[in-house]
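# Chains, contacts and geometry: an overview
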Amino acid sequence: MAHGMKIPWWQWLPFRRWRVIGAVESADEIPAQLPKNAAVVVASGGPPKWISFDCPCGAGHRVLLNTDQGRRPAWSVTQPPKGGLSIAPSVDFHDGHRRCHYFVRDGRIIWAKDRYDERL
Ligand SMILES: [Zn+2]
């Protein structure tokens, strides 16, 4: 596990809703293991440049999205103090075998109808 970010023990409790649990200064400090339904942002003093989390499909792959609005494509990330994480636009991951396409809205995953997994 990277030493850049320490996750308090209570953060390892499973979250019912997706949320950002912390920030690191560079992408290589993103912890290899993240709690369930948890995301981490990469930010060095300014607005977040990336958001990273484990894909909700459960296949165990990591998702990394650009949140720097100066580079495209870019996603916007919002999380009100007592609310869940929202990411816009939708997350659309392809790797040739699977497509994971979903919306993250107020901490919940809403799957798009065009997701598929060739291994199923
Ligand atoms: Zn996935």
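Our structure is the block above this text.
The structure presented is a predicted model; accordingly, all values stated were derived computationally and were not measured.

Thresholds, definitions, all that
Residues numbered from 1 in each chain as written. Predicted model: local features only at pLDDT ≥ 70, side-chain atom pairs only at ≥ 80, totals over all residues. Heavy atoms only, no water. Phe/Tyr/Trp six-rings, centres within 6.5 Å; stacked < 30°, edge-to-face > 60°. Helix = DSSP H or I, 4+ residues; strand = E, 2+ residues; numbered from the N terminus. Buried < 20%, exposed > 50% of the residue type's maximum accessible area, 1.4 Å probe, protein only. Pairing = 2+ DSSP bridges. Salt bridge = Lys/Arg side-chain N within 4 Å of Asp/Glu carboxyl O. 1 Å grid on protein atoms, 1.4 Å probe; cavity = no way out; pocket = protein on both sides within 12 Å on 5 of 7 lines; lining within 4 Å. Points joined across faces, edges and corners; volume = space filled by probe spheres on them. Nonpolar A, V, L, I, M, F, W, Y, C, P; charged D, E, K, R; others polar.

## Some thoughts on the packing of aromatic side chains
Applying the stated criterion across every chain yields a total of two aromatic pairs. Ring geometry for tryptophan 18 versus phenylalanine 53: centroids 5.6 Å apart, planes at 70°, classification edge-to-face. Of this pair, tryptophan 18 sits in the segment before strand E1 (19-24) while phenylalanine 53 is found in strand E3 (residues 50-54), placing the two residues 35 residues apart along the sequence. Tryptophan 18 gets classed as buried once you look at its relative accessible area, which sits at 9%.

## As for the environment of proline 35
Relative to the assigned elements, proline 35 resides in the loop between E1 and strand E2 (38-42). Overall, proline 35 belongs to the buried group, its relative accessible area being 5%. Spatially, the C-alpha atom of proline 35 lies 9.0 Å from that of aspartate 54, the residues being 19 residues apart in sequence.

## Some details on the pairing of strand E6 (residues 86-94)
Pairing analysis gives three bridges linking strand E5 (residues 76-78) to E6, with the strands arranged antiparallel. If you follow serine 76 over to E6, its bridge partner there is alanine 88. Inspection of the sheet shows E6 paired to strand E7 (residues 98-105) by five bridges, in the antiparallel sense. When the sheet's bridge partners are listed, aspartate 92 is paired in E7 with histidine 101. Here E6 folds back onto E7 in antiparallel fashion, the turn holding three residues, of which glycine 96 has a positive phi close to 95°.

## Some remarks on the pattern of salt bridges
In this structure the tally under the stated criterion is six salt bridges. Aspartate 106 is the salt-bridge partner of arginine 17, the closest N and O atoms lying 2.7 Å from each other. Of this pair, arginine 17 sits in the segment before E1 while aspartate 106 sits in the loop between E7 and strand E8 (108-111), placing them 89 residues apart in sequence. With relative accessibility at 31%, the residue arginine 17 sits in the partly exposed group. A salt bridge links arginine 71 to aspartate 68; its shortest N-O distance comes to 3.5 Å. Here the salt bridges do not stand alone but share partners, grouping Asp92, Arg99 and Asp114 into one network.

## Some remarks on the layout of surface pockets
Roughly 200 Å³ of volume is contained in the largest pocket. Lining the largest pocket are twelve residues; nearest its centre among them are Arg17, Arg19, Lys82, Gly83 and Gly84. In terms of residue class, the lining of the largest pocket is made up of four nonpolar, three polar and five charged.

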